[in-house]
Amino acid sequence: MQSKKKSEQTGITALYCRLSRDDGGDGDSNSIVNQRKMLTKYAKENGFSNTRFYVDDGITGTRFDRPGFQAMLDDIEMGYVSTVIVKDLSRLGRDYVTVGQYTDIYFPDHNVRFIAINDLVDSDEGENEIAPFKNVMNEMYARDISRKVRSAHRIRGTSGEPLSQPPYGYMKSPENKKKWIIDPEAAEVVKDIFKMTLEGKGAETIARILQEKKVLVPMAYWQSKGLPRGGKKTQPNPYKWCKTTVSKILAQQEYCGDIINFKTCSKSFKNKTRYANPEDKWAIFKNVHEPIIDREVFEQVQKLIGKTRRRNPKPENWERNMFCDLLYCADCGRKLWFNIKHDKEDIPFFMCGNYHGNRGTCSSTHYLRADAIEQVVMLELRRLSKCLCDDEESFAMLLADKTNADILKEKKHIESELQKCIVRSEQVAELCIKCYEDNVSGKLSDEMFMRFSGKYEVERLDLKEKISAYRKRLSEVDEMQLGKEKFMAAVRKFMQMDRLTAPLLQELIDRIDVYEVTGTGKNRKQQIKIHYKFVGYLELPSLARQHNYREETRKGVAVEYVPNALPA
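This structure is a prediction, so every number in the text was calculated from the model and none was measured. (Residues numbered from 1 in each chain as written. Predicted model: local features only at pLDDT ≥ 70, side-chain atom pairs only at ≥ 80, totals over all residues. Heavy atoms only, no water.)

### What about the pairing of strand S16 (residues 509-514)?
Applied cut-off: Note: two strands are recorded as paired if DSSP finds a minimum of 2 bridges between them. In this description a helix means any DSSP run of H or I spanning at least four residues, a strand means any run of E spanning at least two, and both kinds are numbered starting from the N terminus.
The sheet contact formed by strand S12 (residues 327-329) and S16 spans three bridges and is parallel. Paired with tyrosine 328 across the strands is aspartate 513, a residue of S16. Sheet analysis places S16 next to strand S17 (residues 524-532), joined by five bridges and oriented antiparallel. Paired with valine 514 across the two strands is isoleucine 528, which belongs to S17.

### Quick look at the environment of valine 376
Applicable threshold: Accessible area is worked out with a 1.4 Å probe on protein chains only. A residue is then buried under 20% of its type maximum, exposed over 50%, and partly exposed in between.
Residue position: valine 376 is located in helix H11 (residues 370-390). Judged by its relative accessible area of 2%, valine 376 falls in the buried class. In this structure, the C-alpha to C-alpha distance between valine 376 and tyrosine 561, residues 185 residues apart in sequence, is 7.0 Å.

### So, the packing of aromatic side chains
Aromatic ring pairs are described here by two measures, namely the spacing of the ring centres and the angle between the planes. We apply this condition: Put simply, two rings from Phe, Tyr or Trp (the six-membered ring, in Trp's case) pair if the centres are within 6.5 Å, and we call them stacked under 30 degrees between planes, edge-to-face over 60, tilted for the rest.
Evaluated as defined, the whole model comprises 19 aromatic pairs. Both rings, one in tyrosine 168 and one in tryptophan 241, keep their centres 6.0 Å apart while their planes meet at 70°; by these two values the pair is edge-to-face. Residue tyrosine 168 is found in the loop between helix H5 (131-158) and strand S6 (170-172), and its partner tryptophan 241 is found in the loop between helix H8 (218-224) and helix H9 (243-250); the two are separated by 73 residues along the sequence. Of the two residues, tyrosine 168 and tryptophan 241, both sit in the buried class.

### Side note on unusual backbone geometry
Despite not being glycine, asparagine 50 shows a phi value in the positive range, around 50°. Under the relative-accessibility criterion, asparagine 50 is labelled partly exposed at 40%. At lysine 214, a position not held by glycine, the phi torsion is positive, near 55°. For lysine 214, a relative accessible area of 57% translates into the label exposed.

### Some points on the pairing of S17
Across two bridges, S17 lies against strand S18 (residues 536-537) in antiparallel orientation. Bridge pairing in S18 places tyrosine 532 opposite glycine 536. Hairpin connection between S17 and S18: a loop of three residues separates the two successive antiparallel strands, and phenylalanine 534 in this loop has a positive phi of roughly 75°.

### A short note on the pattern of salt bridges
For the record, the criterion: Whenever a carboxyl oxygen of Asp or Glu lies within 4 Å of a side-chain nitrogen of Lys or Arg, that contact is scored as a salt bridge.
All told, the structure shown has 23 salt bridges when counted by the stated rule. The residue glutamate 254 makes a salt bridge to lysine 263 at a minimum N-O spacing of 3.1 Å. Taking relative accessible area as the criterion, lysine 263 reaches 26% and is therefore assigned partly exposed. Note that lysine 420 and glutamate 417 form a salt bridge whose closest N and O atoms lie 3.5 Å from each other. Here glutamate 417 and lysine 420 lie together in helix H12 (residues 392-441), a separation of three residues that amounts to about one turn. Residues joined by salt bridges that share partners form a network here, namely Arg52, Asp75 and Arg460.

### Quick look at the sheet that holds strand S3 (residues 81-86)
Heads up, the condition is: The contact criterion used is simple: two residues touch if any of their non-hydrogen atoms lie within 4.5 Å. Each axis is a line fitted through C-alpha atoms, and for a helix only the stretch in contact is used; angles between axes span 0 to 180 degrees, taken between their N-to-C directions.
Taken in spatial order, the five strands of this open sheet run S2-S1-S3-S4-S5, and their pairing is mixed. Two strands lie at the open edges of the sheet, namely strand S2 (51-57) and strand S5 (121-122), each paired on one side alone. Pairing geometry for strand S1 (residues 12-19) and S3, over four bridges, is parallel. Note that in S3 the partner of threonine 13 across the bridge is threonine 83. Along the sheet, helix H1 (residues 32-45) makes contact with S1, S2, S3 and strand S4 (113-116), crossing S1 at roughly 155°. The strands touched by helix H2 (residues 67-78) are S1, S2 and S3; relative to S2, the strand with the most contacts, the crossing angle is about 145°.

### Focus: the packing of H2 against helix H4 (residues 96-109)
We count it as follows: Roughly parallel means an angle under 35 degrees; roughly antiparallel, over 145; roughly perpendicular, 65 to 115; everything else is oblique. Three classes are used: nonpolar for Ala, Val, Leu, Ile, Met, Phe, Trp, Tyr, Cys and Pro, charged for Asp, Glu, Lys and Arg, and polar for all others, with Gly counted as polar.
As a packed pair, H2 and H4 sit with axes 12 Å apart at the nearest point and diverge in direction by 30°. The angle between H2 and H4 places the two elements in the roughly parallel class. Residues Phe69, Leu73, Ile76 and Glu77 of H2 lie in contact with H4, whose contacting residues are Tyr102, Tyr106 and Phe107. Across the contact of H2 with H4, the residue classes break down as six nonpolar, no polar and one charged.

### Considering the packing of helix H6 (residues 184-198) against helix H7 (residues 203-212)
Put simply, the rule is: By convention the crossing between two helices is left-handed if the near helix lies anticlockwise of the far one by an angle smaller than a right angle, and right-handed if it lies clockwise.
Remark: H6 packs on H7, axes separated minimally by 10 Å, with the N-to-C direction vectors making an angle of 140°. In terms of axis orientation, H6 runs oblique to H7. The handedness of the crossing between H6 and H7 comes out as right-handed. Touching Val189, Ile193, Met196 and Thr197 of H6 are Ile206, Ile209 and Leu210, all from H7. Residues belonging to the contact of H6 with H7 are distributed by class as follows: six nonpolar, one polar and no charged.

### Some thoughts on H1
Structural remark: α-helix, 3.6 residues per turn; residues separated by three or four positions point the same way. For the record, the criterion: A helix is expected to reach a length of 1.5 Å times the quantity of its residues less one. Along the arc lie the directions from the helix axis toward the C-beta atoms.
Between its terminal C-alpha atoms H1 stretches 20 Å, which fits the 20 Å expected from 14 residues at 1.5 Å a residue. For H1, the set of buried residues is Ile32, Gln35, Leu39, Tyr42 and Ala43. Seen from one end, H1 has its buried residues packed into an arc of 100°, which puts them on one side. Along H1, the residues that are exposed and aim more than 90 degrees away from the buried face are Val33, Lys37, Lys41 and Lys44.

### Quick notes on the confidence of the model for the chain
Applied cut-off: Scored between 0 and 100, pLDDT is the confidence that the predictor attaches to each residue.
Per-chain confidence: the chain averages 80 in pLDDT, with 83% of residues scoring 70 or above. Scored below 50 in pLDDT, residues 1-8 makes 24 contacts in the model with residues more than four places away or belonging to other chains.

Okay, structure coming up:
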């Protein structure tokens, strides 16, 4: 029997419950309600106070990205949890390797006591020799269930029953969930997409037209109808169609009235990732449901798509540009995309990925030629090298003054914001417990409980991300105090090189902000602001400044690139 001694630990006692669909055959003993009762009774009898439930209902034990489980791990990482109690080891999971890592390594490393009531496991009483064997048996149970499910899945799929959710344009019949019927509203959009393709419009053009007409993207449409669908649900603009979505719709043979099963597969019951199946392993059943698109039209569209291929760049342009992921729009903060202009000659350039001409929100392209930014950065690094060579002591003092002032200011701000988030996170945790207690006592209705608990869960996750980001940034700021010597060493390394390389840029530069061009004709200027690793933006002494890089982009038009603040 487990120890009846009163717990002397402080912190939250995490009561974890899990039930998957595969556990349904075990009767009521594993139901969430009964798990709650058992855990509550055990905690009360053994003196565990400040209890909090973490629940995963309907999620398999072979995966550990379960929301309730992850929420518990988040609180453990924050240092809130002192004890974890489960009904038995199988509730924690059915992968004996991963469960063993949590019980033998993770929980002890975080000073968390682990108790599995029915399996007589209590980490405070030392190692349990039987626990590993129980974990193996739990995994064998999951493996056997998976084999049976796969077999049933195969039988259903080979008999012509649709195994997937109906595609955009169809919905399940209210009378027979195994039959698809046409969704009139969405089907009209599908017909329009095929019609526009036959008229010669490309996927990007079609996506733009649908966005201008304010047609909801499939996920937003399903949400508006209350239809459950997997996938990303956080699209900021519900009308912003992606060309890949259009292309996927055009490639779906299901619109001809066919059912296609086994398009994807999983490699193991432990790995839930879906992989594309070769077409020779598909099971195709024709004319099962009412078609939205005539088969002749579908085949004609496939021929058109097959003929439309993007021209490959020249071999010298295949390599990823070394400035990718370093250039950012100074106005909207989005990354600049790398492109190649195919005209009389291939011209590599960057432009804002959020430009409104590409259905974004940024008003300007922030166009910047790749050869120009290379020359600007090369010139700036040479100026840095000159400062270092001419007066190393003054250069070191410049870096020290810059880093010390910036670091002190930023560190004070981060610590203040971090403390606010931690305090609010603790308040939210207390509010969640109070909501649960009020719901159990009848003071709070189930509807209001769901509303408040959902609201607090969203806030908790947001605070968790902020706390993690602030702590990471604090660590980076502490490293910046030691970064002066690293930065000077990287500049010296550049002095020994005759050209820029991607590794050197990653070592020296954190990001480069690109502003929109100002002026006209030959008086055009573009500010380029370089933020270096460890020291941030560095304003060099005026003595180190010579002429800025200037490039004639076309006849009668030139741009001067200014790597420091433009005068007001």
